[in-house]
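Structural overview
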Amino acid sequence: MAGGGPRSAVVIGGSMAGLLATRVLSDHFDKVTLVERDVRAEGPATRKGVPQGPHIHVLLDTGRRVLDKYFPDLFEQLQVQGAQFIDSSGDLAWHHFGVWKLRRASGIPGLLCTRPLLEWNVLRRVKARPNVELRDGCSIEGLLADATGSGRVTGVKVKTPQGEETWEADLVVDASGRGSRMPQWLEAIGYARPEEEQVIVDLSYTTCLHEPPPDFQREWKALFLYPSPPKAWRAGFISHVEGGRWLVTLNGYFGEHAPTEYAGFLEYARSLTRPDLYEYMKAARPLGPITQHKVKDCRWRHYEKLPRFPEGLVILGDAACAFNPLYGQGMSVAGLGAELLDTCLREQAERGGLAGLAQRFRERLPEAIRLPWLLGTGMDLLYPQAVGKRPFGLGLLHWYILRLMERTSTDAHVHRQFYRILHLHAGLGAVLQPSVALPVLSHGLKSLLRPLEQLANTETRPPPLTPPLPSPVPVQKSTG
Ligand SMILES: Cc1cc2nc3c(=O)[nH]c(=O)nc-3n(C[C@H](O)[C@H](O)[C@H](O)COP(=O)(O)OP(=O)(O)OC[C@H]3O[C@@H](n4cnc5c(N)ncnc54)[C@H](O)[C@@H]3O)c2cc1C
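Attention here is on the structure that accompanies the text. Model, not experiment: these values are computed from the prediction.

Turning to the overall build of the chain, a few remarks are in order. Each helix and strand counted, the chain has 14 helices and 19 strands in total. Over its C-alpha atoms the chain spans a radius of gyration of 23 Å, differing by no more than 12% from the 23 Å that the globule rule assigns to 480 residues. Expressed as a percentage of the 480 residues in the chain, the buried residues total 56%. By sequence separation, contacts in the chain at least 24 residues apart represent 73% of the contacts at least 6 residues apart.

Now for helix α10 (residues 366-380). Between the first and last C-alpha of α10 there are 20 Å, a value that for 15 residues agrees with the 21 Å anticipated at 1.5 Å per step. Of all the bends in α10, the greatest measures close to 25 degrees and is centred on Trp 373. Of all the 15 residues making up α10, eleven are buried; the element is thus mostly covered by neighbouring parts of the structure. Among the residues of α10, Pro 366, Ala 368, Ile 369, Leu 371, Pro 372, Trp 373, Gly 376, Thr 377, Gly 378, Met 379 and Asp 380 are the ones counted as buried.

With that settled, the discussion passes to the site of the ligand. Contacts to the ligand come from 33 residues, most closely from Ser 15, Glu 36, Val 58, Asp 318 and Met 331. In this structure, Ile 140 approaches the ligand through a main-chain N or O atom, which is 3.1 Å from a nitrogen atom. Within the backbone of Gly 330, one N or O atom sits 3.4 Å away from an oxygen atom of the ligand. Coverage of the ligand by the protein chains reaches 96% of its 1000 Å² of free accessible surface. Here the shell around the ligand is composed, by residue class, of 14 nonpolar, 13 polar and six charged.

A separate point is a nonpolar patch on the surface. Taken together, the side chains of Leu 374, Leu 428 and Leu 432 present a nonpolar region at the surface, about 240 Å² in accessible area. Looking at where Leu 432 falls in the secondary structure, it is placed in helix α13 (residues 429-432).

The next point concerns unusual backbone geometry. Residue Pro 229 is joined to Pro 230 through a cis peptide bond whose omega torsion reads 5 degrees. Assignment of secondary structure puts Pro 230 in the loop between β13 (222-225) and β14 (234-241). Note that the residue after Gly 288, namely Pro 289, is joined by a cis bond; omega there is -10 degrees. Tracing the backbone shows Pro 289 in the loop between β16 (285-286) and β17 (291-302). In this structure, Leu 424 takes a positive phi of about 60 degrees despite not being glycine. Looking at where Leu 424 falls in the secondary structure, it is placed in the loop between α12 (412-422) and α13. Judged by its relative accessible area of 15%, Leu 424 is buried.

As a further point, take the packing of helix α11 (residues 394-407) against helix α14 (residues 434-449). One can describe the packing of α11 onto α14 by two numbers: an axis separation of 9 Å at closest approach and a directional angle of 95 degrees. By the angle class used here, α11 and α14 are roughly perpendicular. Where α11 abuts α14, its residues Trp 399, Tyr 400, Arg 403, Leu 404, Glu 406 and Arg 407 lie against Val 436, Ala 437, Pro 439, Val 440, Leu 441, His 443, Gly 444 and Ser 447. In terms of residue class, the contact of α11 with α14 is made up of eight nonpolar, three polar and three charged.

With that settled, consider the sheet that holds strand β9 (residues 153-160). Taken together, the three strands give an open sheet; going across it, the order is β8-β9-β10, and neighbouring strands pair in antiparallel fashion. Bordering the open sheet on either side are β8 (139-145) and β10 (163-168), each of which pairs with just one other strand. With direction set aside, neighbouring strand axes in the sheet form an average angle of 25 degrees. Pairing between β9 and β10: six bridges, direction antiparallel. Of the residues in β10, the one forming a bridge with Lys 159 is Glu 164.

Turning to the sheet that holds strand β11 (residues 171-174), a few remarks are in order. Strand order across the open sheet formed by five strands is β7-β2-β1-β11-β18, with parallel pairing between neighbours. Of all strands in the sheet, those with a lone pairing partner are β7 (132-136) and β18 (313-315), marking the two edges. Neighbour to neighbour, the strand axes of the sheet diverge by 15 degrees on average, direction disregarded. Sheet topology places strand β1 (residues 8-12) next to strand β2 (residues 31-36); five bridges connect them, and they run parallel.

Our focus in this paragraph is the packing of helix α2 (residues 61-70) against helix α8 (residues 330-351). When two helices pack together, their arrangement is captured by the angle between the axes and the distance separating the axes. Their axes nearest at 8 Å, the elements α2 and α8 cross at an angle of 45 degrees. With respect to α8, the element α2 is oriented oblique. For the element pair α2 and α8, the recorded crossing hand is left-handed. Contacts between α2 and α8 involve Thr 62, Gly 63, Arg 65, Val 66, Lys 69 and Tyr 70 from the first element and Ser 332, Gly 335, Leu 336, Glu 339 and Asp 342 from the second. Looking at the contact of α2 with α8 residue by residue, the classes come out as three nonpolar, four polar and four charged.

On to the pairing of strand β6 (residues 109-112), then. The two faces of β6 match: Pro 109 and Leu 111 on one face and Gly 110 and Leu 112 on the other face are all buried. Two elements, strand β3 (residues 84-87) and β6, share four bridges in a ladder whose sense is antiparallel. Bridging from a neighbouring strand, Phe 85 pairs with Leu 111 of β6.

With that out of the way, let us pick up the nonpolar core. Nonpolar side chains in soluble globular proteins tend to be buried together. Counting 115 residues, the largest nonpolar core has Leu 25, Leu 67, Leu 118 and Leu 341 as the members making the most contacts within it. The element contributing the most residues to this core is α8, with nine residues. Discounting chain neighbours no more than four positions away, the residues touching Leu 67 are Met 16, Leu 20, Leu 59, Leu 74, Phe 75, Leu 118 and Val 122. Listed in part, the 23 residues of the second largest apolar core include Phe 216, Leu 250, Phe 265 and Leu 272.

Okay, the pattern of salt bridges next. As enumerated under the stated definition, the model contains 28 salt bridges in all. Between Glu 133 and Lys 31 there is a salt bridge, and its shortest N-O distance comes to 3.3 Å. A residue pair is termed long-range when its members are at least 10 positions apart, and Glu 133 in strand β7 and Lys 31 in strand β2 qualify at 102 residues. For Lys 305, the salt bridge identified is with Glu 195, shortest N-O distance 3.3 Å.

Moving on, we come to the pairing of β2. Among the six residues in β2, five count as buried, and that is most of the element. In the classification by handedness, the crossover that spans β1, the intervening helix α1 (residues 16-25) and the parallel β2 is right-handed. As paired elements, β2 and β7 share five bridges and run parallel to each other. Of the residues in β7, the one forming a bridge with Leu 34 is Leu 134.

Conventions we followed
Sequence order as written defines the numbering, with residues in each chain counted from 1. In keeping with the predicted nature of the model, local features appear solely for residues at pLDDT of at least 70, side-chain atom pairs appear and are counted solely at 80 or more, and the whole-chain, interface and lining totals rest on all residues. Side-chain measures here rest on the full set of heavy atoms in the structure, leaving out hydrogens and waters. By the criteria applied, helices consist of DSSP H or I runs no shorter than four residues and strands consist of E runs no shorter than two, each listed in order from the N terminus. Only C-alpha atoms enter the radius of gyration, while the globule expectation follows 2.2 Å times N to the 0.38, with N the number of residues. Here the term buried applies to any residue with accessible area under 20% of the maximum for its type, exposed to any over 50%, and partly exposed to those in between, with areas from a 1.4 Å probe on protein chains only. Note on contacts: a residue pair qualifies if any of its non-hydrogen atoms lie within 4.5 Å across the two residues. Expected span of a helix: the number of residues minus one, times 1.5 Å. Working definition for bend: take the seven residues up to and ending at a residue and the seven starting at it, fit an axis to each, and measure the angle between the axes. Any residue with a heavy atom positioned within 4 Å of a molecule or strand is treated as near that molecule or strand. In the analysis that follows, any N or O atom pair within 3.5 Å is treated as a polar contact, provided that within protein one partner can donate a hydrogen and the other can accept it, and provided that, for residues neighboring in sequence, both atoms belong to side chains. Note that accessible areas follow from Shrake-Rupley with a 1.4 Å probe, and for residues the cover is restricted to the protein chains shown. Residues are grouped as follows: nonpolar covers Ala, Val, Leu, Ile, Met, Phe, Trp, Tyr, Cys and Pro; charged covers Asp, Glu, Lys and Arg; every other residue, Gly included, is treated as polar. A patch consists of residues exposed above 30% relative accessible area that lack any salt bridge, with like charges linked at up to 9 Å and nonpolar side chains (Val, Leu, Ile, Met, Phe, Trp, Tyr) linked at up to 5 Å. By salt bridge we mean one thing: a side-chain nitrogen of Lys or Arg within 4 Å of a carboxyl oxygen of Asp or Glu. Each axis is a line fitted through C-alpha atoms, and for a helix only the stretch in contact is used; angles between axes span 0 to 180 degrees, taken between their N-to-C directions. Under this scheme an angle from 65 to 115 degrees is roughly perpendicular, one under 35 degrees roughly parallel, and one over 145 degrees roughly antiparallel; angles in between are oblique. Only strands that DSSP links by at least two bridges are regarded as paired with each other. Here a crossing is called left-handed whenever its near helix is offset anticlockwise from the far helix by less than a right angle, and right-handed whenever the offset is clockwise. We define a nonpolar core as any set of buried Ala, Val, Leu, Ile, Met, Phe, Trp, Tyr and Cys residues linked to one another through side-chain atoms lying within 4.5 Å. Crossovers are described as right-handed under a simple rule: with the strands pointing away from the observer, the path leading from the first strand over the helix to the second runs clockwise.

As structure tokens, then:
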């Protein structure tokens with residue numbers, strides 16, 4: 001890019017958003033410094049700065065696509081290390097809203113592995129970039145602003161093991177996650193705090209690794225018992241992960257957290273709307289320990305609405321919008337943010353310089369956030385206990401969502417369109433088009449007259465695969 005002189009960027013936070021942003025920036029800047037508060041182990045490990053690490057992580061296909069684009073050998077290597085790709089519909093037994101979803105080959109791959117294994121493999125690849133410097137054990141404490149009052153961020157204040165320092169940079173990227181202190185930092189250099197949209201859910205994740213029973217029949221590779229709002233707010237998941245283990249996670253909304261001693265943990269599994277997960281757990285062997293993490297809310301900071309915003313600053317990942325993790329969107333939206341940064345930087349190259357980048361990026365980021373935010377909060381607000389702004393017409397939308405979900409248990413076309421939205425391949429139009437809306441509305445009318453058991457798959461066992469899946473699921477190589 002034109003502009004003259006070596007150019008540097010600093011990224012705050014070395015988790016998924018920060019790693020992806022660093023990878024992208026390394027194509028555009030002479031030097032990229034990735035600052036991480038934790039000192040990371042040589043190998044996959046949980047760590048303090050990513051407390052969600054021990055818990056189940058689902059990678060939507062949009063996130064897979066972005067990771068594959070920037071790290072072309074990543075998934076091949078993950079599979080060598082024990083991760084596996086499944087068909088994200090056919091290999092998944094998924095109970096939601098009182099029905100089992102159809103199990104049909106979707107052609108959409110789903111990745112099963114632990115979060116630390118995924119993050120470590122991404123980190124290794126970022127570390128290998130020649131113009132990337134990793135500074136673990138350092139914490140960013142604020143922003144430097146141009147003393148001439150030109151409205152530009154010019155660097156960061158850093159706490160290093162040696163003491164406090166200031167580092168200059170042409171671009172600062174905040175990827176410091178849910179706990180980002182950017183509103184305070186902006187205020188300290190003379191800007192307003194952003195408006196925040198929030199839905200309070202008081203959700204907990206409680207997780208324990210298990211050794212599967214030796215006689216497990218492999219009826220599924222992942223079992224999801226989602227809660228059924230508004231009546232039930234406990235959930236449970238089993239996912240096969242590397243090392244031939246099961247990752248078992250139990251969730252509760254509104255402060256109903258699973259106990260962290262095993263007898264209570266097992267009993268909580270028994271209280272789910274279906275007995276399946278409890279029965280599988282009873283036959284398995286806990287490998288311990290049990291870890292818990294609590295998520296108070298989902299929160300979108302609307303930086304795009306600020307009347308003034310400095311040049312030289314980009315905010316992405318959970319620092320911009322932290323979703324309800326139950327819908328598995330965070331890593332994918334972090335990926336979309338990094339991809340948008342790449343696009344904006346390529347456009348800047350034609351303009352010659354970085355002027356206007358920060359404004360363009362913040363104005364466009366909501367395009368990546370809006371749909372997943374609507375999907376997640378739309379579900380959460382089905383609960384009367386969820387605290388958040390309820391938009392006009394929400395009641396009607398909820399009636400439609402419930403009928404749509406029931407219909408995913410019997411109608412292959414509706415099921416396919418739902419999966420396209422879920423993986424962020426399509427917008428809301430996919431489930432509002434006549435070929436979906438008509439069967440859903442007809443199902444809705446019938447359900448007023450007949451019990452659900454006659455209209456949807458409410459079988460007591462996870463449904464079998466129909467038809468059997470081609471195996472293994474191919475990893476589609478992106479061409480971009
Ligand atoms: C329980 C739980 C389960 C989840 N499950 C899923 C899932 O199934 N699928 C999915 O896609 N997403 C899931 N997510 C979300 C996902 O983990 C995040 O969206 C993803 O990690 C991207 O977040 P991030 O990189 O923006 O921030 P984070 O992952 O929160 O990382 C922030 C990083 O910044 C560092 N940091 C913070 N402050 C500073 C500072 N001042 N200086 C230097 N470093 C700093 C931290 O140490 C940390 O490494 C889940 C989240 C939770 C809480």
